[in-house]
Amino acid sequence: MSEVHSRPIRVETKQDVTILFAGDSGDGMQLTGTQFSETAAILGNDLNTFPNYPAEIRAPAGTLPGVSGFQVQFGSKEIFTPGDKIDVLVAMNAAALKANLKLLKEGKIIIANVDGFDEKNLQLAGCKTNPLEDGSLAKYHVYPIEIGKLTRSALEGTGLSTKEIDRSKNMFVLGLLFWLYTRPLDHTINNIREKFKKKPEIAEANIKALQAGYSYGEATEIFTTRYEVKKAKLPAGTYRHIMGNQATAYALIAASKKSGLPLFLGSYPITPASDILHELSKHKNFGVRTFQAEDEIAAMCAAIGAAYGGSLAATSTSGPGMDLKEEAIGLAVSLELPVVIIDVQRGGPSTGLPTKTEQSDLLMAMFGRHGESPVPIIAANSPAGCFDATFEACRLAIEFMTPVICLTDGYIANGSEPWKFPTAKDLPDITVKFAAPRNAGDPKYLPYKRNDKGAREWAIPGTKGLEHRIGGLEKQHETGAVSYDAENHALMTKLRAEKIEKIADAIPLQTIDNGSEKGKLLVLGWGSTYGTIKTVVRDLRLEGYDVSHAHLTYLNPFPKNLGELIYNFDKILIPELNSGQLARLIRDKFLAPVIQFNKVQGMPFMESELKEKIIAILTEKEK
Amino acid sequence: MPALDLGGNGKKSDLPVLTAKDFASEQEVRWCPGCGDYSILKQVQSVLPELGVPRENIVFVSGIGCSSRFPYYMETFGIHGIHGRATAIATGLKASRPDLDVWIVGGDGDLLSIGGNHTLHILRRNLNVNILLFNNEIYGLTKGQYSPTSPVGFVAKSTPYGAIDHPINPLAFALGADGTFIARTMDRDVKHMREILKRAHKHKGASFVEIYQNCVIFNDGAFEAFTEKDVKAENDLFLEHGKPLVFGKNNDKGIKLFGLKPMVVDLTLSDVSKDDLWIHDERDRTKASILTRFFDEPGSEHYMPRPFGVFYAEERFCYEDAMLDQINLAKEKGEGDLDALLRGKETWVVD
Ligand SMILES: Cc1ncc(C[n+]2csc(CCOP(=O)(O)OP(=O)(O)O)c2C)c(N)n1
Ligand code: SF4
Ligand SMILES: [Mg+2]
């Protein structure tokens, strides 16, 4: 930055920075965080974000449960997580400070909105004294700023009400942080103009507040240092910023294009999956049909109906909705129709922790239906990874004529990162061949005749000569006629299972993501823990530890070489955000003695806790 | 790429001439001898050739129950689904393939108990499908428990002391859900059933047809007051659009409206003329609503005869058409471009 300052200001270069924007759920912290992140992305930083908000739309203002946070880590090196400990805590009120102070590194920055520390706010947050004044924050750099007052004076004369003006506080903070990290305002200004197209006076007020925050940084004496974070050395290519649920939605559209099948999504709103429905319903110009069903049962059943008719059919949901879909998923198993089921996992059981993350639906995906009804399972490992996982789920569903469960979770579904997006040309075609029409003299159509993959044909209504009936009752091999025959049931059970097992031939072999192929310790993860494990293993290897990382995308069936791969290590550690679900499957399948590392707090792993665990294992004395 | 013709009505007319036999599948029919389902199957098979729809464009979707075995016996496309969900499966099918001719078959338990919610929603959304409710006032397949249409006091396996649930009135329910076509017929009156099936098919929108169906095994004679020759005339009221409501052995009774209150009048008395009677108007929602309430047990005080025929028919846009309209409108503004979607609004280059 070659800006000329009116006073001596030092510019310090940082490799990575983690900022947490925290305030009341009405303070607009999610928007602030998103705008800051998008600008960082456009400037070429690598980054990863984590929105953490309460389940209530407007939890009581000023209280601890009402605190909403948006954490972003950005840097000039590769970033795989939103960061453990934070460098900057933006606290819009006392509760936001109290709830998040434990995350702040010593000696780092607090930007506190003084107006949020009045008597009422202190009381609501349960603070006996004002932390901004009682010396309890001596270990940190505290910048108490009268954000509310400054915003009001900046917007004086705009003709807006005080209430409207106060809503722009977050833009003041954003402007200040843009100044502090030497970032331009133009991306956010454009966004504000677009967002408030119909209310230009609100747009201008927000822009004014943003600029006022920026100027405040420049003018006030309290800031003597600005920071700079250079571009990250990412693999060459064109990038954009993407959120997990958005990536999932895009993958469904992409698979629809690449298969030539019209897309149908049946869905019932549920946190944190609703954004997939929202996103897809915007893209009708791709021929997308979105159906907001009366419940998750209807959503899944409608998807089955659409699949039967020859659409690329999908349904999106989270935990409680998965429970409701299971009977119909069993029907899809029996009908052998392709349906992609996206489960954005959240904390359970029951309503559990709607806005918090967990990886606790794996065993449900695996075994959640009555009878023997195997379903392939794929898991996404990052926000952008939701695209690849979902696209792959579509491919397998169509190729193997089966429902496929795609697991993401609240953490990556709402998180975001830069994405080196593919072009349409880069994406593989998905070949679809419907059963051909038949003439009067042709032999009888056999709806359950299988190809070498074990898949039956997709015979859609409207095709001459293919009239046939399918249903949930057990059917005779090949003819599909209802059959209660004992031998036949055993055969059909076996054929259905074998078909899913054969998917192992159609997926890539498991690779080691980082580290050697043999060694003391393998950290085996799946899904959204990717970024944390990746970061920790990278750092530990730099420190000289013998540790490798492999990450599973395919949970059912496992890649063919998985058994071989894990046995090359003395020990296997499986970190999961559940009580040991993958660990169970690995033990069961490979009789391997795995070490579990589990967390069920509705929060992702901290790098520090995983690091500690790995070091403890590697330095453990042999008994 | 597979060519999938979505939209349009797909009713091509260069059809071979088919007969009822062409709609019978090879599957052996397994209902109990004497079950009312046989008659319904036969009437559907005999009506279909008259409808002018290619066989391959017809899909029967059902739930679970004796009645839900229906699709297996039809030489068309068919899905035997899961209990209560035929309407939901059919919604996805019809919404994505408006060109298909979709029929839904279910029992009183299937469509009104476990599947009641989906029935409500398919009716209000008004997909262009035909819903055939086989009402036998019993759970047949699970061997004789009372159903949501069984009367209070009904003694069955699970109600040895008599049912204490107030029964559902299927047509009042369908009308309450803003169904656009509401009719009733019975297994024993095959001519009437065929007429109603044709009318239901002709109606564009969700056609809801309640069919009184006798379960010989678990609830034999449940509807005999309406189906047996000797009593039928006194208990049944056949609705015809534009005609006065007349019933009785000698067409000697009529219904007259006093305000919103219907009364049976004796036409043999000299001071009553047919011109004073309630003239049936299928488009009159209020009157249809009163008709659905003709629901007393025969022989009870103030008994009103049980109506059969089309209670109500209304034209209202269909869900799948509106869905397609929105898609076409969006496409007119510019067909989706996958590269543009993936690229988004803002990108940056790393070299
Ligand atoms: C989820 C579920 N619950 C229960 C059943 C058992 N069940 C099968 S059919 C049926 C009721 C059948 O009654 P109805 O729908 O009136 O059909 P009918 O046999 O009388 O034609 C029941 C309870 C089932 N198949 N699935
Ligand atoms: S049990 Fe009743 S409804 Fe079922 S097939 Fe037999 S007679 Fe028909
Ligand atoms: Mg029944």
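Every value quoted in this text rests on a predicted model; they were computed, and no experiment measured them. (Residues numbered from 1 in each chain as written. Chains lettered and ligands numbered in written order. Predicted model: local features only at pLDDT ≥ 70, side-chain atom pairs only at ≥ 80, totals over all residues. Heavy atoms only, no water.)

*Asks:* Quick question: what am I supposed to make of the interface of chain B and chain A here?
*Replies:* A common measure of how large an interface is: the accessible area buried when the components associate. Taken together, the contact pairs 64 residues of chain B with 78 residues of chain A. Here chain B and chain A share an interface that buries about 5900 Å² over both sides, 63% of which is from carbon and sulfur atoms. The largest contributions to the chain B side of the interface with chain A come from F77(B), L342(B) and W348(B), which together make up 15% of the buried area. Taken together, the links from chain B to chain A amount to five salt bridges. With its nearest N and O atoms 3.8 Å apart, the salt bridge here joins E56(B) to K464(A). Counting every contact that joins chain B to chain A gives 30 residue pairs in polar contact (both at pLDDT 80 or more). Along the lines of polarity and charge, the residues of the side of chain B that touches chain A split into 28 nonpolar, 19 polar and 17 charged. Pairing analysis gives three bridges linking strand β17 (residues 469–471) of chain A to strand β2 (residues 77–80) of chain B, with the strands arranged parallel. Counterpart to I470(A) in the pairing with β2(B) is I79(B). (Contact = heavy atoms within 4.5 Å. Buried area = accessible area lost by both parts, 1.4 Å probe. Salt bridge = Lys/Arg side-chain N within 4 Å of Asp/Glu carboxyl O. Polar contact = N/O pair within 3.5 Å; in protein donor to acceptor, adjacent residues only side chain to side chain. Nonpolar A, V, L, I, M, F, W, Y, C, P; charged D, E, K, R; others polar. Pairing = 2+ DSSP bridges. Helix = DSSP H or I, 4+ residues; strand = E, 2+ residues; numbered from the N terminus.)

*Asks:* Help me understand helix α6 (residues 169–180) of chain A, please; the structure alone is not making it clear to me.
*Replies:* Along an α-helix, residues three or four positions apart point the same way, because every turn accommodates 3.6 residues. All names here are of chain A. Compared with the 16 Å implied by 1.5 Å per residue over twelve residues, the 17 Å span of α6 between its first and last C-alpha is a close match. Counting buried positions along α6 gives twelve out of twelve residues, so the element sits mostly inside the fold. Those residues of α6 lying buried are K169, N170, M171, F172, V173, L174, G175, L176, L177, F178, W179 and L180. Downstream of α6 by one or two residues, T182 has phi in the positive range, about 45°. (Expected span 1.5 Å × (residues − 1). Buried < 20%, exposed > 50% of the residue type's maximum accessible area, 1.4 Å probe, protein only.)

*Asks:* Help me understand the domain arrangement of chain A, please; the structure alone is not making it clear to me.
*Replies:* Residues and elements named next belong to chain A. Entries for chain A in the domain assignment read domain 1 (10–228), domain 2 (240–426) and domain 3 (519–618). Its C-alpha centre places domain 1 at a distance of 34 Å from the equivalent point of domain 2. Contact with domain 1, which involves 16 residues of that partner, is made by ten residues of domain 2. Buried area between domain 1 and domain 2, both sides added, is near 1100 Å², and the carbon and sulfur share of it is 56%. Taken together, domain 1 and domain 2 are joined by zero salt bridges. In this assembly, domain 1 and domain 2 are joined by two residue pairs in polar contact (both at pLDDT 80 or more). Of all the elements in the fold, those that place two or more residues in the side of domain 1 that touches domain 2 are α1 (29–42) and β3 (46–52). The element best represented in the side of domain 1 that touches domain 2 is β3, accounting for seven residues. In terms of residue class, the side of domain 1 that touches domain 2 is built from eight nonpolar, six polar and two charged. (Domains from an automatic or database assignment.)

*Asks:* Mind showing me how you'd approach helix α17 (residues 530–542) of chain A here?
*Replies:* Residue and element names in this part refer to chain A. Given a rise of 1.5 Å per residue, 13 residues ought to cover 18 Å, and the 18 Å separating the end C-alpha atoms of α17 matches this to within 8%. Looking at α17, one finds that the buried residues are Y530, G531, T532, I533, K534, T535, V536, V537 and L540. Close packing links the buried residues of α17 with α15 (410–414), β18 (519–526), β19 (547–552), β21 (569–576) and α20 (607–619). Of the residues one or two after α17, G544 is the one with positive phi, at around 95°.

*Asks:* Explanation requested: the sheet that holds strand β7 (residues 236–238) of chain B in the structure shown.
*Replies:* The pairing of strands in a sheet happens through backbone hydrogen bonds and is either parallel or antiparallel. Taken in spatial order, the nine strands of this open sheet run β17(A)-β2(B)-β1(B)-β3(B)-β4(B)-β6(B)-β5(B)-β11(B)-β7(B), and their pairing is mixed. The two strands at the open ends of the sheet, each matched to only one other strand, are β17 of chain A together with β7 of chain B. Across this sheet, the average inter-strand angle for adjacent strands is 20°, counted without regard to direction. Sheet analysis places strand β5 (residues 181–186) of chain B next to strand β11 (residues 306–313) of chain B, joined by four bridges and oriented antiparallel. Paired with R184(B) across the bridge in β11(B) is G309(B). (Axes fitted to C-alpha atoms, helices over the stretch in contact; angles between N-to-C directions.)

*Asks:* Can you walk me through the pattern of salt bridges in this structure?
*Replies:* Once their charged atoms are close, side chains differing in charge can pair, the charge on each being opposite to the other. Residues and elements named next belong to chain A. All chains considered together, the criterion is met by 44 salt bridges over all chains. Close ionic contact of K105 with D87 constitutes a salt bridge, the shortest N to O distance being 2.9 Å. One end of the pair, K105, is in strand β6 (residues 104–113); the other, D87, is in strand β5 (residues 86–91), with 18 residues separating them in the sequence. D87 sits in the buried class, given a relative accessible area of 8%. Note that E543 is salt-bridged to K611, the shortest N-O span being 3.1 Å. Taken together, the positions of E543 in the loop between α17 and β19 and K611 in helix α20 put the pair 68 residues apart, joining distant regions of the chain. Linked by salt bridges that have partners in common, E392, R395, E399 and K453 make up one network.

*Asks:* Is there a simple way to think about the packing of helix α9 (residues 244–259) of chain A against helix α10 (residues 274–281) of chain A in this case?
*Replies:* Residues and elements named next belong to chain A. One can describe the packing of α9 onto α10 by two numbers: an axis separation of 8 Å at closest approach and a directional angle of 50°. With respect to α10, the element α9 is oriented oblique. Judged by the twist between their axes, the crossing of α9 over α10 is right-handed. When α9 is examined against α10, the residues N245, Q246, T248, A249, Y250, L252 and I253 are found in contact with a partner set consisting of D275, I276, E279 and L280. A breakdown of the residues in the contact of α9 with α10 according to their chemical character gives six nonpolar, three polar and two charged. (Parallel < 35°, antiparallel > 145°, perpendicular 65-115°, else oblique. Left-handed = near helix turned anticlockwise from the far one by under 90°.)

*Asks:* How should I be thinking about the coordination of the magnesium ion (ligand 3) in this particular structure?
*Replies:* In an ideal tetrahedron of four donors about a metal, each angle is 109.5 degrees. In an ideal octahedron of six donors, the angles are 90 or 180 degrees. Residues and elements named next belong to chain B. Every protein donor of the magnesium ion (ligand 3) is listed here as D108 (OD), N136 (OD1) and I138 (O), and their distances to the metal cover 2.0 to 2.2 Å. Counting residues between consecutive donors of the magnesium ion (ligand 3) along the chain gives the motif D-x27-N-x1-I. Taken as a pair, D108 in helix α3 (residues 108–114) and I138 in the loop between β4 (129–135) and α5 (170–176) lie far apart in primary sequence, 30 residues in all. By relative accessible area, D108 is classed as buried at 2%. Looking at I138, the relative accessible area reads 2%, which means it is buried. (Donors = N, O, S within 2.8 Å, 3.2 Å for Na, K, Ca; no water.)

*Asks:* Help me out: how do you make sense of the nonpolar core in this one?
*Replies:* Among soluble globular proteins, nonpolar side chains are generally buried collectively. All names here are of chain A. Counting 168 residues, the largest nonpolar core has L524, I566, L582 and I586 as the members making the most contacts within it. The element that contributes the greatest number of residues to this core is helix α11 (residues 296–308), accounting for eleven residues. There are two domains that each give this core at least three residues, and those are domain 2 (240–426) and domain 3 (519–618). Apart from residues lying up to four places away in sequence, L524 is in contact with A550, L552, I566, I572, L573, I574, P575, L582 and I586. The next biggest cluster of nonpolar side chains, apart from the first, holds 48 residues, and it includes F21, I147, Y214 and F223. (Core = buried A, V, L, I, M, F, W, Y, C linked by side-chain atoms within 4.5 Å.)

*Asks:* Would you mind going over the pairing of β21(A) with me for this structure?
*Replies:* Residues in a regular strand point their side chains to alternate faces of the sheet. All names here are of chain A. Within β21, six of the eight residues are buried, which leaves the element mostly enclosed by the surrounding structure. Pairing of β18 with β21 involves four bridges; the strand directions are parallel. Within β21, the residue paired with V523 across the bridge is L573. Across five bridges, the pairing between β21 and strand β22 (residues 594–598) is parallel.

*Asks:* Is there a simple way to think about the site of ligand 1 in this case?
*Replies:* Neighbouring residues of ligand 1: 17 residues in total, closest C66(B), S67(B), D108(B), G109(B) and D110(B). At the site occupied by ligand 1, the surrounding residues belong to chains A and B. Relative to its free-state accessible area of 590 Å², ligand 1 is covered by the protein chains to the extent of 76%. Ranked by residues supplied to the shell around ligand 1, first place goes to α3(B) with four residues. Split into classes, the residues belonging to the shell around ligand 1 amount to six nonpolar, eight polar and three charged. (Near = heavy atom within 4 Å. Areas by Shrake-Rupley, 256 points an atom, 1.4 Å probe, with all protein chains shown as cover.)

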